[in-house]
Each structure stands twice: as C-alpha cells, then as structure tokens.
Amino acid sequence: MSGISSLIDGTLNGAAGLAQGREGTTITTFVISLAAGFILFAVQFGAFLVIRNYLWAKRIYQPRSFLVPVKQRIESPYNNPFKWLFTVFKIKEDPVVLEKAGMDAYFFLRFLSMCLKIFTPMAIIIMPILIPLNVKQGKGTNTISGVTYNITGLDTLAWSNASPAKTSRYWAHLVMAVGVVVWVCLMFHQELSHYIIKREDFLNSLGHRLKASSTTVLIQDIPEKLCNEEALEELYGDFPGGIRRIWINRDFTILVNKDKLRKFYENLLENTETDLLRKVARQSHNAKLRQRGESTQEAPVQVTPEVRSKVGQTLHPARPEMGPATPAACVRDLEYDLETKAAWANFLTPKQRQAMRIPKDRHAAAAKIPLIGRLFSTKVDTIYYCRRELARLNKEIEMETKTPDAYPQNLSAFVQFNSQKAAHLTCQSVADTSPRHMRRRMVEISPGDINWPSLNLSWRARYLRLVAFLVLFTILLFVFGLISFFTGILSRISTLSGSTSWLKWIDSLPPWLISFIQGTLPPVIQVILLSGPLPILLRLLTNRTRGATTGQEGERSLQLWYFIFLIVELFIIPTISSGLTSIVEELIRTPTSVPNILATNLPTAANYYFSFLILQALSLSATSILQTIRLFKFYVIGHVNTPDSVFEKLSWTNLTRIGSNIPWYTTFAVIGLVYSTIAPLILLFMLITFSLFWVVIKNNLLYCVRTGTVDGGGLFFPSAINQLFTGLYFMEVCLIGLFFLVRDTQGHVACAAQGIIMAVVLVLTILYQIWLMHHLDPLFKYAPIRLEVESKALLADYQGKRETGSHWTNQETSETVNSEPPDEAKERLNLSGNIASHTQNIEKAHTPELSTQYRPPFWERQSSHRSQDLQAQQREDAKSAERILARLNRPLDEARLAHLEKKLAKTEAVRGSALLPRRKDIEAQMLDDPISKIIMQHNDELENLDPEERDMLISVAFMHPVLRETRPSVWIPTDELGVSDDEVRRTRELSEDVVIDNRGAYFDLRLKVQVGKPPPDMSEFALIMAEL
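Since this is a predicted model, take the numbers as computed values, not measurements.

**Quick word on the overall build of the protein**
Next up, step 1: Across its full length, the protein carries 38 helices and 12 strands.
Next up, step 2: In the protein, which comprises 1028 residues, the share counted as buried stands at 53%.
Next up, step 3: A sequence separation of at least 24 residues applies to 83% of the contacts in the protein between residues at least 6 apart.
Next up, step 4: As displayed, the protein has an accessible area near 47,200 Å², and 61% of this comes from carbon and sulfur atoms.

**Some remarks on the sheet that holds strand E4 (residues 243-250)**
Next up, step 1: Spatial ordering of the open sheet is given by E4-E7-E3-E8, a layout of four strands whose pairing is antiparallel. For this open sheet the edge positions go to E4 and strand E8 (441-443), each flanked by a neighbour on one side alone. The average undirected angle you get between the axes of adjacent strands in this sheet is 20°.
Next up, step 2: On top of the sheet, helix H14 (residues 420-428) reaches strand E3 (216-219), strand E7 (409-417) and E8; it is set at about 150° to E8, its chief contact.
Next up, step 3: With respect to the sheet, helix H35 (residues 947-955) is in contact with E4 and E7, its orientation differing from that of E4 by roughly 35°.

**Considering the packing of helix H4 (residues 81-90) against helix H26 (residues 682-704)**
Next up, step 1: The contact between H4 and H26 brings their axes to 10 Å, and the two run at 85°. It follows that H4 is roughly perpendicular to H26 by the angle criterion. On the side of H4, the interface is formed by Trp-84, Leu-85, Thr-87, Val-88 and Phe-89, while H26 contributes Trp-694, Val-695, Lys-698, Asn-699 and Tyr-703.
Next up, step 2: Of the residues contributing to the contact of H4 with H26, the split by class is seven nonpolar, two polar and one charged.

**Some points on unusual backbone geometry**
Next up, step 1: Along the chain, Asp-94 connects to Pro-95 via a cis peptide bond; the corresponding omega equals 20°.
Next up, step 2: By secondary structure assignment, the location of Pro-95 is in helix H5 (residues 93-101).
Next up, step 3: Even without being a glycine, Lys-341 presents a positive backbone phi close to 55°.
Next up, step 4: Here Lys-341 lies in the loop between helix H12 (327-339) and strand E5 (355-359).

**Side note on the pattern of salt bridges**
Next up, step 1: Within the structure shown, the criterion is met by 26 salt bridges.
Next up, step 2: Where Lys-258 meets Glu-400, a salt bridge forms, and the shortest distance between an N and an O atom there is 2.6 Å. On the criterion of sequence distance, the pair formed by Lys-258 in helix H10 (residues 253-293) and Glu-400 in helix H13 (residues 382-401) is long-range, its members being 142 residues apart.
Next up, step 3: Each of Lys-258, Glu-389, Arg-392, Glu-396 and Glu-400 takes part in a single network of salt bridges with overlapping partners.

**Considering helix H20 (residues 551-575)**
Next up, step 1: For H20, spanning 25 residues, the distance from its first C-alpha to its last is 35 Å, which sits close to the expected 36 Å at 1.5 Å a residue.
Next up, step 2: The largest bend along H20 measures about 30° and falls at Val-568.
Next up, step 3: Summarising burial for H20: 19 of the 25 residues are buried, a large majority.

**A short note on the packing of helix H6 (residues 103-135) against helix H27 (residues 716-741)**
Next up, step 1: Axis separation between H6 and H27 bottoms out at 9 Å; the angle between their running directions is 25°. As judged from the angle between their axes, H6 and H27 are roughly parallel. Regarding H6 and H27, the two cross each other, and that crossing is right-handed. Residues Asp-104, Phe-107, Phe-108, Arg-110, Phe-111 and Met-114 of H6 pack against Phe-716, Phe-717, Ala-720, Ile-721 and Leu-724 of H27.
Next up, step 2: The residue inventory of the contact of H6 with H27, partitioned by class, reads nine nonpolar, no polar and two charged.

**A closer look at a positive patch on the surface**
Next up, step 1: Taken together, the side chains of Arg-357, Lys-360, Arg-374 and Lys-379 present a region of like positive charge at the surface.
Next up, step 2: Within the secondary structure layout, Arg-374 lies in the loop between E5 and strand E6 (377-381).
Next up, step 3: Judged by relative accessible area, which is 53%, Arg-374 ranks as exposed.

Definitions and cut-offs
Residues numbered from 1 in each chain as written. Predicted model: local features only at pLDDT ≥ 70, side-chain atom pairs only at ≥ 80, totals over all residues. Heavy atoms only, no water. Helix = DSSP H or I, 4+ residues; strand = E, 2+ residues; numbered from the N terminus. Buried < 20%, exposed > 50% of the residue type's maximum accessible area, 1.4 Å probe, protein only. Contact = heavy atoms within 4.5 Å. Areas by Shrake-Rupley, 256 points an atom, 1.4 Å probe, with all protein chains shown as cover. Pairing = 2+ DSSP bridges. Axes fitted to C-alpha atoms, helices over the stretch in contact; angles between N-to-C directions. Parallel < 35°, antiparallel > 145°, perpendicular 65-115°, else oblique. Nonpolar A, V, L, I, M, F, W, Y, C, P; charged D, E, K, R; others polar. Salt bridge = Lys/Arg side-chain N within 4 Å of Asp/Glu carboxyl O. Expected span 1.5 Å × (residues − 1). Bend = angle between axes of the 7 residues up to and from the residue. Left-handed = near helix turned anticlockwise from the far one by under 90°. Patch = residues over 30% accessible without salt bridge, like charges linked within 9 Å, V, L, I, M, F, W, Y side chains within 5 Å. Lys, Arg positive; Asp, Glu negative; His and termini not counted. Charge placed at Lys NZ, Arg CZ, Asp CG, Glu CD.

Written out as structure tokens, the structure reads:
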C-alpha cells in the first residue's frame, strides 16, 4: 500500500501530466508509436480496399449511390483504388458536395480544407527557419556558462534547445509567431466571408424558400393572455406580407405516452406473429422430413384456405366481442381459434405459442418489483393480448386527437408568415415589455428536427436544467480527469519502477515493449474513452438534461461542451507537470501566474503530441473509412426480425454527427497552433493528420454517410472558427511567459521586448475577434432584407417556368384525376378551392389603418377584420385537417406504384450513364434493389410538387407529430402455408381499429424476412415530410 500511496502522492504533487516525463523522447520510442499506428492503418485500410467492391458491402460503402433520393445520388466510385483516390481528389467540393450532401457536409469538408490552408504555408516557412536556429549551437548536452544541459532526442528541434548565448535568435520566434497570428486571422475572415455568401445562397435558394421552415418562427415563453391566435395576429400581423398560419403548441405528454405504448404493442405483435409463422414453417418442414423417412406414417393434414373457409361456414361459432384485454378475453380468443380450426393449429399446440406476463388487477406497481413481481402477474397469449391493446389504443388516440384543445397550452407557438423577410425580422425585434417573455425566438427550424418535449419547459425549468447540466458536466470532467490521471501513470511506468518496489518487474521487460506501453497505449486508451462513451453521454446531457429545442441546437451545444472537454482532457491535463494540487494552490495564490505555468510545461510536453497526433491520424482515419462500427452493427449484432425492421435496416444511411466530430479536429488544430513556434516539427504532423482526414471524410460524405436527419445550414462552421481562437490565445500567453523566462549567460532577462510585443499582439487578437464576431454574427443567423428582392425575381421565374410547362402536363394530370375515385377528385377540388380563397384572404387582409385613438391591450381588444380572416382560415384548416392528413398519410397503392415505376423507367433512360456507369453488372443489381426503387418512387423535392400538394404539406408541417401520424400498420411476412393470410383475416375480423397487412414481405429459404415493397403505412410523402 505504501507503494500505491507514494505513486498517487507523486502524481498529485509532481509530474501529473501525461505528456510530462516524455522530454528527450528518443527516435526509437517515436518509431514504435509510428509503427503501431501504421499497422492499424494498413490492416483497416487494406480491408476497406478489398471488401468495398463486393455487392454485399455496397450498403456500407456506397449507400449514397442508390439508397438516397435521386437528386442526392452520386455516381459510384471506381473499383481500382488509384482511380478511386483520383476521383475523390477530382470531385469539387463546390458544387458537387454542396449539391449532393448539403451545407453541413460542405462546410465540414471546408473546415478540414481550411486547416490545411492554414498549416501548409506555416510548415513551408516556419520549419526551415526555426528548426535550424534551435538545433545549431543549441544546448544539447553541452556546458554553457557553468550550466550543463541534457537536451536529447526530439527536444533538440524545439524551443528548449535554444542556447542562452544566442538569445537574439528569439526575434525569429517572435516574427514567426506574429506571422502565424496575422495569417490565421486573415484566413478566418476569408472563410467566414465565404460562409456568409454560401449561407445567403442557401437561404435564397428556391428549394429552401418553399419550405415551411423558411417562413416560420418558434416563439416561446408567451404570456398566457397573449397565447392565442388573435393576440399573436395583432402583434405580428403588420410585418411584411402578414401571417399565414399560427400553431398554438400544447402539452401532449399523455397522448405521446399512449402513442409510445401503441408502438410498443405494434412492434411486439409484429415480432410475435413473425416468430409464429417461422415456427409453423419449421414444423411443416420437419413433418415433411419425417414423412420421407417414415413412409408408413400418415402425413399431417394441412388445411388450405379454401378448406378453412368451408369449415368456418359449417361451424359458425360466436366471434368473441371486442373489449378490454383481460386474461379471460385472451382465453376466449384462443378457444375461438381452436373451434374454427385456425391455420396455425394444424402445426402448433397452444403451449407452443408465445406468452407474456401482465400485472394482475390493482397490482401494477408490485408486478414491476424484481424477483417477486411474478407473484403479482399472470400469463396471457401475446398475440391475443397485443391485438386487443392495439385496437383499444388506436381508438382512444384517434378520439383524443380530434379534441386537441382539451390539452393545456405550453405557452409557445409557431407563427408562419407569408414572406421570409417577416420571419427573420420577427426574430430580431423585441416582442414584450417583460425581459422573461418571448425572448426565445427561432427561425429556420425543420419540423422533423424539433424536440417536442422541450417545448413544454418554462423559462424557470430551463434555468434549473442549465444548473443541473453544469453540475453533471463538472462531475463528468472530474471522472474523465481521473482516467487521464491513471493513463499519465501508465506513461511514466518505467520511471516509477525504480521508486516503487512492487513495480521492479517492469525493468525486466524488453525495451521495445516498455516503449510501446508508455508511448502507444496511453493515447489509445484515452481516445477510445473520449470518442466512445463520452459523446453519447454529452449528447444525452445537451438534448435531455438541458432540453435543446431542436436537434441542431443540441448538436451545436454538444460541439461547444465537447470541445471544452477535449481541451481540458487532451491539452491542459497532459501538459501539467508540477502536480495537480500545487497548480491549483499557485493559481489561487497568484492568478497572473498562468503564463509562467504554461511556459514551464508546454515545451517539454510537445513530444507527447508527436506520437498522439500520428496515432490518431492513422487509427481514426482508418477506422472511419472502414466503417468498423457500422460493419459490426450491420453484420454482427444487427439482427432484425420483422419486415418493418428489415426495411429500416436496409434503407438506413449511416449518420455522422457534426457535434461529436468537429470538436476533435478543432482540438487538433488548436494543438498545432499552440506548438507551431515552440516545436515547429508538429506542423509536419498537422499536414499528415488533416490530409488523411480530408480524404477519408470527403469519401464518406460523398458515398457513405449523411451529416444528420436535416441540413443545419452549416451553422457549426462559425462556432468552430471561433473556438480556434483558443489556440492563438494559448500560443500567445505561453510565448509571453517563455520570452520573460529566457535568460542570457549572465542570468538576466533577455527577451523582455519580445514578451511585451507578444502581449500587445494578444490584446489586438482579442479586439480582432470581438470586432469580427460583432460585425458578422447577425449574418450567420438571419437573412438580409436585400435577399427578398432577389427571391421575388427567383420565384417569378419559377412560376413562369411552371406555367410554360403546364400545357405539357395537363393531359397527364387529367388522366390522373380521371383515374382517381370520385371522392378523391372532390377532395382535390375542395382543397384547391380552399387554397384559392386563402390566397384572396391574404391579399385583402393587410391594409393597415393609421389611427391615433386609444387602443386597448390585445387581450381586451375585439378581433379586427384581419384577425377574423385569419381565424376563419384557421377554422377552415381545422375542418380540412382530417382530409389533408388522410391524403398525406395514404400509402402508395398498386396503381400509383405502377404509374411511378413507368415514370422511373423514363428517368433512368434519360440519366443513363450517370446511374449505370462502369461495372454494369454490379451497378444494375444495386439499382434493381427493391429499397432503391422504393426510395426513387417517392417525392423528395418540394419544387417538383404541385402547389396544392405543397400547401397540404405546409398546412400540417408544424402540427404535433402525434396529431398527424396515421395508425401504425402491423406488417408481417407471407408464407406458403396460408397461415399469414389467416392471421391477417382474423385480426381484421376482431377489430377494424387494427391495421394489418402482409403485402410485400416474405420468408426466404433460410426463413429470414425479406421485403420487396414499402411498408403498408409508408405514405407517398414520407421522405419529404422530414425536409419541410
């Protein structure tokens, strides 16, 4: 125990940093770290080059070539690795990546390109100048003015080797440092200016302006007396173009919980029915084998559907009535199936059916207690119970969604304007006299990105959650700090073996193994922990604990806090050398000692980052391009059972989260900036690191992954640049301390002038960042008013093109309308009439009347004609909501599928070589994939929709999802024995409130579920709803 105590005491009170004890790192230690990283890279990269060409791997390495909407698809890469690499370099970020992958992907890649632009000139200029100055006539192992130095290994190339007899050389370090600051600041301004141009193009694009999110504002913390359509219309109705719609948000927590329970029972019923069908198929197969082996044995009777129908007609047993899902009701359902000779009964006994436990009456809480809970529960048949529960929940939810006003308001609302200008002006204006009310206003929110539970939080709840978040974040920082503390011990294991008796055996290990343990294992362990569980925990904290309003807001919050975490864990803690307790005591006693602390510790920590960076560049890039985790999930632990889960697995494109990726590259860039003049060799590793990541990330963004469920417009990019200023500040503060610590041969301060100049540069850098953010920040968030003029011309041109081309499509439209049922044709006419009248109301509504008479408060004022028109439109929307939702949620029928497939064939004929390039056999199979065809048959572009269809989508865009979701359809596979058809028929007979189908799913020869058509409840607008 004394050895452990001395070990911990030595770390707390001296040499705590992981990067310390690494000064004088030998070439051998560095080469071992390099070899370990290269082996990891070679194995994974080699595996990627081999398996990416197989058809079964296309879903992992080329999903963006056939599993995304047509507009986003990209030509498949070459199989030849050299041609593939050349193609990756050849494809331009603008416009290819921007158009195919979106703004987030484009600026993700742009950030890596910016880092290469920053570090390439720095490496070309700084390394040839500073490294010779540090090496020539340096300290080394020489004795200068009676002082013997011991600078060896890679330290001879860094600041610490500069001789005290040559202090004038530090002017070169100053000039290089000032040059770095100027160059980086210029690059920041250039890149932010480019971002503003691209963001304005994005906001002004036709596809974006047609979205509901471009003209809709979320307003939170509305006073109760203002939280109604009349008051909000009076408040915002004078903005340009006026208001189009208002959605008052309500707390649907109870209804959402019921919907979660409904989805649980739907999923359980699908799994149980699929397992039942699989058991039946196996029993039938085994019976056939026994029949072949024993020819004298009578074969089991298989009842065909025709025979079953005749039996049912002769018996006419009483069908159990629909009621509560009780054990008695489940028993009656079983008896009915046995009496009517259900198809499954020819192969299985009732005991072979799956059962589940439900709580007994008035014992729901006791049934959840582990071990003894079984005493308070009873067994029921899973299928019968889930059918009845699903029917009950479907009916209850349908009834409750018809009366949404019965639920309490959460004092927030979505206000949709008729112009983008009005929406952005609303966010920039002061709304209420109270500082707490209506301060949170957000625009450019996609309906599919909203975190609906967070809308129920009051401003007090958000403040309390922020405090809880900060407490949990501090605890998490401390826990992972302990991990860094123990990896620091591992990095000094050879030095500790001499002072700790029970570690003497370490001296007997081979030198290469000790170098591997000290140089390779600590950063590998640290990165695994920091890149694995940590971002998951932080994402939970930002989205759940803190309550982010949207997924994009949560990702940007994660970007900030993850960056802070990595800076502390990867930069500050590894750099500390004088002990944790002594550092804290010194900072409390003299806070101005920060430059001296950094100046003392940073030069000797540089060698750690040489190994760290090369390991991360090689291992992380190889893991990312191989998609190791995705491969493991898809082929090892990705077992799926039901048609719904099979379809989701086969159609899902992997996501790369911006919030958990960008902080790593930002941290690497910060480390490179800090050490650019202190240890110039690090610039070489910066070029290697960002070059590898640029190739890997570009390949993944083009062919493999998406950056999120919705495009966030690249808002993370200015935040990442803002965080890079951290590297400049650390470099400047460290150099101030280093310059004042330089002594000549007489022991006098030799670089005071350089230190003062660097302090001035620090102040100027702070002022520059304040100026930069103050002038550019509004353009990051909001659209300039000037864009409105340009957008009107764009929309006019778009309308002109549609009118010009309308006579070509009139014939096809008339045929489509004629082929529709009469009710649907009437629905379209009524809906178009509503849209026309709505447009007239908008034109009449906004004629402001100037008056100097006293106007009472909103809540006491009678509704104006404009408000009454809006209310009339709201009532009309409410009446037509059920019809609109029925139209939007209607699945594709066979006739519509045939029509779309015919159009698809024409599209493929036009595209030709773009979708069927080189390896035609493989490419043809990819495009013949049923999931690929399903995706191509669905609408995915707002511009391509008719105005009435687009208005239908927008009219329900910001309605709570639980109000616009259709009943979930139970989807089971078909079988050759007719059992699946019989189960579908019996479920439908039990209740009309349960939707079930077996179209488009089947078992293969290995009894695995395969799908060939979209899910029964997948609507024609399913893909585009998420993009509104």
